[in-house]
Amino acid sequence: MAFWSSTSVFTSKVPRKILFMFTLSLSVTYLFYSLMSCYNSLQFPLQENYLYHGRLVTEETTFVTLREKLYSTSSQGYFDEELDERTATEQTTIVSTVKNNAGFEGRTAEWVRAQAAPTNSITAMHTAAMEREHQEFSTTDNELRRVVNCTSDYGEKKLPQAIIIGVKKGGTRALLEALRVHPDVRAVGNEPHFFDRNYEKGLDWYRDLMPSTLEGQITMEKTPSYFVTTNAPKRIHSMAKDIKLIIVVRNPVTRAISDYTQTLSKKPEIPSFEVLAFKNRTLGLIDASWSALRIGIYALHLESWMQYFPLSQMHFVSGERLIVDPAGEMAKVQDFLGLKRIVTDKHFYFNKTKGFPCLKKPEDSSAPRCLGKSKGRTHPKIDPDVIRRLHKFYKPFNMMFYQMTGQNFQWELEEGADSPSSRD
Ligand SMILES: Nc1ncnc2c1ncn2[C@@H]1O[C@H](COP(=O)(O)OS(=O)(=O)O)[C@@H](OP(=O)(O)O)[C@H]1O
């Protein structure tokens, strides 16, 4: 009663107009907060519903945005470049490859066989270093699952229809990241190493690593060590005869130095490139059994693939052109994969600090991004005489490779030039 009576005293004393304004402002404030809380509680479910039902939306732009959102979480860890840096466990030996290559340049093969003779202590030391590196940078099941678990459940997991099989240090990461910008490409970020290290785990394990795809999307992966793995062609063929294979190749001399630079960054105590490259430097005997050099004998490795796959199922990307003209190389790759040419020069810009082309808008981000610091490393300066000898060593193999692929990569023109390998 007292309250009501005091209220009536209050109302009688305060002008009606002010009271009205006061009540109105209170109502407006109340209305505003009600709407805000309602909006906040609706906002998340609205987006969820939108994403969920989004597949029915036909507008191209909306669908692309939607797909980006759907998969935006699936790429965590992709740029953890350290996970990608692992040494190939090439099971190939030159001798066994040469044995299988009945018709292939007997003379040069013999020569390589002679080069690939017994290991000396340096090679053994190097092998041990490589082995350690292998262990440190192997993708563990947990790492792979961490990436895959982030993958959305939309669509269906499929075995890859296209694989980037090589070559190590060729530019495989740059290619995969550019391809992943394409809305019809979905790729696993880490290297699964299924056909070389994890084959016994079975195809279901492999499929489970893949991201889910919607109809019309291509599933891809990249593991550069497949190119030099003896069993890989047969194993991949038994999985899918019609698979498309992409090989990024680079001047084998520069590739070898890049490979060495990577090992050196982990194991600064390893001998110099010049020491590892020779069995006997005075005699000029090159150690072709050193994996950094062996990987670059592309013609020998390609032979094994050609026993299982026609050339029409293989596409060779020039690692050099991928740097100077990424859009040009991407156009050819998209054609090969039967994709619309969506990744074009609009997607790249040249980053002066990095010294490489970078993506304006990578798959999992709207911000421009370059590859990590382990891509595009500064190479140590190598004795020009050693570089010259290596060019000479690779020349016949390169010629053979050009013949086999029907493409001239013009690595001989780089001979004597100030190749990127000598930048410092
Ligand atoms: N856009 C862009 N950004 C950075 N780096 C680029 C790019 N395009 C090609 N490259 C070259 O890729 C080389 C690394 O090759 P890979 O990705 O195949 O290496 S790995 O085998 O996966 O470790 C890497 O070799 P290094 O320069 O020796 O580090 C680069 O020369």
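Residues numbered from 1 in each chain as written. Predicted model: local features only at pLDDT ≥ 70, side-chain atom pairs only at ≥ 80, totals over all residues. Heavy atoms only, no water.

- As recorded in an unreviewed UniProt entry, the protein chain goes by Sulfotransferase and comes from Chanos chanos.
- Its UniProt record gives the protein chain the following Sequence similarities (unreviewed entry) comment, quoted word for word: "Belongs to the sulfotransferase 1 family." (UniProt positions renumbered as here; feature names shortened; annotations may be inferred.)

### As for the site of the ligand
Link 1 in the chain: Not every one of the 24 residues close to the ligand is listed here, only the nearest: T172, K222, S258, G376 and H379.
Link 2 in the chain: Taking G170, its main chain carries an N or O atom lying 3.3 Å from an oxygen atom of the ligand.
Link 3 in the chain: In the model, an oxygen atom of the ligand is placed 3.1 Å from a nitrogen or oxygen of the K375 side chain.
Link 4 in the chain: For the ligand, whose accessible area on its own is 640 Å², the fraction buried by protein is 97%.
Link 5 in the chain: Those elements that provide at least two residues to the shell around the ligand are α9 (172-179), α12 (252-266) and β11 (356-359).
Link 6 in the chain: The leading source of residues in the shell around the ligand is α9, at three residues.
Link 7 in the chain: Here the shell around the ligand is composed, by residue class, of seven nonpolar, eight polar and nine charged. (Near = heavy atom within 4 Å. Polar contact = N/O pair within 3.5 Å; in protein donor to acceptor, adjacent residues only side chain to side chain. Areas by Shrake-Rupley, 256 points an atom, 1.4 Å probe, with all protein chains shown as cover. Helix = DSSP H or I, 4+ residues; strand = E, 2+ residues; numbered from the N terminus. Nonpolar A, V, L, I, M, F, W, Y, C, P; charged D, E, K, R; others polar.)

### Some thoughts on the pairing of strand β10 (residues 348-351)
Link 1 in the chain: One ladder, built from four bridges, connects β10 with β11; its direction is antiparallel. Within the sheet, the bridge partner assigned to N351 lies in β11 and is F356.
Link 2 in the chain: Between the end of β10 and the start of β11, which pair antiparallel, lie four residues, with G355 showing a positive phi angle near 80 degrees. (Pairing = 2+ DSSP bridges.)

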